[in-house]
Amino acid sequence: MNSIAFIATAAVAVLILPFVGSEYAISFGVQLLMFTALAYSWNLIGGYAGYTHFGQVAFFGFGAYVGALCMGAGWHWLPAAVAAALGGLVLALPLGFAMLRLKGPFFAIGMFGMARVFENFALGFDGITDGGTGLYLSPVSDMRQIYAAFAVLALGLLVATWRLDNSRLGLQLLAIREDETAAEALGVRTSRLKIGVFAASAIAPAAAGSLYATYLAFIDPATAFAPMTELTTISMVLLGGLGTVFGPLVGVVTMSVINELLWSRFPEIYLMLVGCVILLAIVFMPRGLAGMARRRSLLFPVGREGLRRLVARRSPPGMRTEAALG
């Protein structure tokens, strides 16, 4: 199965669910699509550029409050989500310029601290955010509308990642991940590229935060800036495979199903069991489920197909097979 067929299959499955599934299935689908959008956004900066951070939830929460305030002012929930996405982009540009001067654990902890600053801002400025009480919104009558918005967001990110993975820009990001100094020496404009990708990776979380607030018809600081949202997203990307096209999707689906099965059977200890599953996966599959598929798989394809074909054509005959397999 090639990449286009895999994406088409995923799109058909997403489109069919609202018409054949129960209300529970639609609710499960909303959660799955939300984490798919978050996972693909985090994969841009964490998987491709190699800047692991714990601050994506800052944009998620920021978008949730921007969307909630817009809806409180009489906006429809869809333009409110668009406004939240634009707000996330505007916020991420100066923040990326400041924070991307840090590297490694300093960047990760710095972004975690930024998320906590945003959470305390939401708690402290109760004249705007209603503090710990939270903001209540008018519920959407048909949950399928929220599902459709999340589906467009998630599938758009999947296609965008596939295009990135087969592009020069994707290779430049991977070069930054492997050795930023060497990438600069080769002519990659690392600073501009990092800030651009960081800003791009903030758009979908902000939109998803607004849609999630609409889905719940409520938002408060504990929900908007929950560290568990961040940790779950990162775990899904690690399980599926960092810096791959289909790794985040595979990780989200796998972990969502595991979460649901363990929660229904072992509600008291399911978090501990999920933690054990993640630990075992990282120890025995450090490259994730997608990383195990070095050769073309019947389940899901390996990424960078176009680049692999290009390398295979331009390599000497004796090297073509190895280059094509990557």
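We now turn to the structure provided with this report.

Rules and cut-offs
Counting of residues starts from 1 at the beginning of each chain's written sequence and follows it residue by residue. Restriction of local features to residues with pLDDT of at least 70 applies here, the model being predicted, together with a cutoff of 80 or more for giving and counting side-chain atom pairs; totals for whole chains, interfaces and linings are based on all residues. In computing side-chain values, all of the structure's heavy atoms are included and hydrogens and water are not. Only DSSP runs of H or I covering at least 4 residues are called helices, and only runs of E covering at least 2 are called strands; the numbering of each starts at the N terminus. Between the first and last residue of a helix there are one fewer steps than residues, each counted as 1.5 Å, and that sum is the expected span. Note on classification: 1.4 Å probe, protein chains only; a residue is buried when its accessible area is under 20% of the maximum for its type, exposed when over 50%, partly exposed between these limits. Within 6.5 Å between ring centres, the rings of Phe, Tyr and Trp (the latter by its six-membered ring) count as paired, and their orientation is classed by plane angle as stacked under 30 degrees, edge-to-face over 60, tilted in between. Axis lines are fitted to C-alpha atoms, over the contacting stretch for helices. Their N-to-C directions set the angle, which ranges from 0 to 180 degrees. By definition in this entry, angles of less than 35 degrees are roughly parallel, angles greater than 145 are roughly antiparallel, angles of 65 to 115 are roughly perpendicular, and the rest are oblique. Handedness of each helix crossing follows the sense of rotation of the near helix against the far helix: counterclockwise by less than a right angle gives left-handed, clockwise gives right-handed. By definition in these notes, contact holds between two residues if any of their heavy atoms fall within 4.5 Å. Under the scheme applied here, ten amino acids are nonpolar (Ala, Val, Leu, Ile, Met, Phe, Trp, Tyr, Cys and Pro), four are charged (Asp, Glu, Lys and Arg), and all others, including Gly, are polar. Buried Ala, Val, Leu, Ile, Met, Phe, Trp, Tyr and Cys residues that are joined via side-chain atoms within 4.5 Å together make up what is termed a nonpolar core.

Moving on, we get to helix H12 (residues 227-240). Its 14 residues give H12 an end-to-end C-alpha distance of 20 Å, which sits within 8% of 20 Å, the value for a rise of 1.5 Å per residue. Among the 14 residues that make up H12, 10 are buried, leaving the element largely enclosed by the rest of the structure. Buried within H12 are the following residues: Thr229, Glu230, Thr232, Thr233, Ile234, Ser235, Met236, Val237, Leu239 and Gly240. Just downstream of H12, Gly241 is the residue with a positive phi angle, here 135°.

Before going further, it helps to examine the packing of aromatic side chains. The final tally for this structure, using the stated rule, is nine aromatic pairs. Ring centres 5.8 Å apart and planes at 75° place the aromatic pair Phe59 and Phe198 in the edge-to-face group. Residue Phe59 is found in helix H3 (residues 56-72), and its partner Phe198 is found in helix H10 (residues 190-216); the two are separated by 139 residues along the sequence. For the pair Phe59 and Phe198, one class covers both residues: buried. Considering the side-chain rings of Phe60 and Tyr212, the 5.9 Å spacing of their centres and the 45° angle between planes classify their relative orientation as tilted.

With that settled, the discussion passes to the packing of helix H7 (residues 143-165) against H10. Helices that pack against each other are described as a pair by the angle of their axes relative to one another and the distance between those axes. At a minimum axis distance of 10 Å, the contact between H7 and H10 shows a crossing angle of 165°. Between H7 and H10, the crossing angle belongs to the class labelled roughly antiparallel. The interaxial crossing formed by H7 with H10 has left-handed handedness. On H10, the residues touching Met143, Ile146, Ala149, Phe150, Leu153 and Leu157 of H7 are Ala204, Ala207, Ala208, Leu211, Tyr212, Thr214 and Tyr215. In terms of residue class, the contact of H7 with H10 is built from 12 nonpolar, one polar and no charged.

What follows is about the nonpolar core. Ranked by size, the top nonpolar core spans 93 residues in total, and within it Met34, Phe150, Phe198 and Ile219 carry the most contacts. Take this core: its biggest share by element is 14 residues, from helix H2 (residues 23-48). With near-sequence residues (within four places) excluded, Phe150 lies in contact with Val30, Leu33, Met34, Ala208, Leu211 and Tyr212.

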